[in-house]
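Structure assessment
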Amino acid sequence: QVQLVESGGGLVQPGGSLRLSCAASASGLRIGIMAWYRQAPGKDRELVATITTAGNTNYPDSVKGRFTISRDNAKNTVYLQMNSLRPEDTAVYYCNTHMFGTPYWGQGTQVTVSS
């Protein structure tokens, strides 16, 4: 059983920054690849960033150069630093990982970019 708890969302003006956190608990098991997804109203959930245990990262073009994913393996925590935010980044952001082939999701945290 894996539990993911996100925090750090909120309202920010265009051009601003936010940092999301996701704390994972996995009953002592090691967590592998972690990811952030987002879902805007009326749209499908989309991948925002992934990070391996070794720190290798991947981003879609829509956020590349603006978002940075990082992790603290000792704390089982993953972060998403979001800079130069745009109104189209408005969405609920979800933390994700897999354990033994089963996907796990956090409850989501709302990010709203608006003036």
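Right above here is the structure, for reference.
As the structure is a prediction and not an experimental result, all values here were calculated from the model. (Residues numbered from 1 in each chain as written. Predicted model: local features only at pLDDT ≥ 70, side-chain atom pairs only at ≥ 80, totals over all residues. Heavy atoms only, no water.)

1. With respect to the side chain of Thr97
Counted only if it meets this: Helical segments are the DSSP runs of H or I of at least four residues, strand segments are the runs of E of at least two, and each set is numbered from the N terminus. Using a 1.4 Å probe on the protein chains alone, a residue whose accessible area is under 20% of its type maximum counts as buried, one over 50% counts as exposed, and one in between counts as partly exposed. Contacts described as polar in this section are N or O atom pairs within 3.5 Å, which, within protein, must combine one atom able to donate a hydrogen with one able to accept it, while residues neighboring in sequence count only if both atoms come from side chains.
Turning to its location among the elements, Thr97 is positioned in strand 9 (residues 91-99). Residue classification places Thr97 among the buried positions, given a relative accessible area of 0%. Of note is the side chain of Thr97, whose polar atom sits 2.8 Å from the backbone oxygen of Ile33.

2. Points about unusual backbone geometry
Despite not being glycine, Asn76 shows a phi value in the positive range, around 50°. Here Asn76 is to be found in the loop between strand 7 (67-72) and strand 8 (77-82). With a relative accessible area of 23%, Asn76 lands in the partly exposed category.

3. Digging into the state of the cysteines
Disulfide: a covalent bond formed between the sulfur atoms of two cysteine residues. In plain terms, the rule: Throughout, a disulfide means two cysteine sulfur atoms within 2.5 Å of one another.
Counted according to the given criterion, the structure contains one disulfide. Paired through a disulfide, Cys22 and Cys95 show a sulfur-sulfur distance of 2.1 Å. Linking Cys22 and Cys95, the disulfide has an S-S dihedral of approximately -85° and is accordingly described as left-handed. One end of the pair, Cys22, is in strand 3 (residues 18-25); the other, Cys95, is in strand 9, with 73 residues separating them in the sequence. You'll find Cys22 and Cys95 in the same group, each marked buried.

4. Description of the nonpolar core
The condition is simple: Only buried residues count toward a nonpolar core. Its members are Ala, Val, Leu, Ile, Met, Phe, Trp, Tyr and Cys residues joined through side-chain atoms within 4.5 Å. The criterion used for residue contact is that any of the two residues' heavy atoms lie within 4.5 Å.
Core analysis: the largest hydrophobic core is formed by 30 residues, its most contacted members being Met34, Trp36, Leu80, Met82 and Tyr93. Counting residues per element, the ones that place at least two in this core are strand 3, strand 4 (34-39), strand 5 (46-51), strand 7, strand 8, strand 9 and strand 11 (109-113). Ignoring sequence-local partners within four residues, the contact set of Leu80 consists of Leu18, Arg19, Leu20, Trp36, Val48, Ala49, Phe67, Thr68, Ile69 and Tyr93.

5. Focus on the pattern of salt bridges
Condition: By definition here, a salt bridge exists when the distance from a side-chain nitrogen of Lys or Arg to a carboxyl oxygen of Asp or Glu is within 4 Å.
All told, the structure shown has four salt bridges when counted by the stated rule. Across the pair Arg38 and Glu46 runs a salt bridge, and its minimum N-O distance is 2.6 Å. In this structure Arg38 comes out as buried when scored by relative accessible area, which is 6%. By relative accessible area, which is 35% here, Glu46 ends up partly exposed. Of the charged contacts, one joins Asp89 and Arg38 as a salt bridge, the two residues approaching to 2.9 Å between their closest N and O atoms. Of this pair, Asp89 sits in the loop between strand 8 and strand 9 while Arg38 sits in strand 4, and the two are 51 residues apart along the sequence. There is no split in this pair, since Asp89 and Arg38 are both buried.

From the geometry alone we can't say anything about function, so treat these as descriptive.
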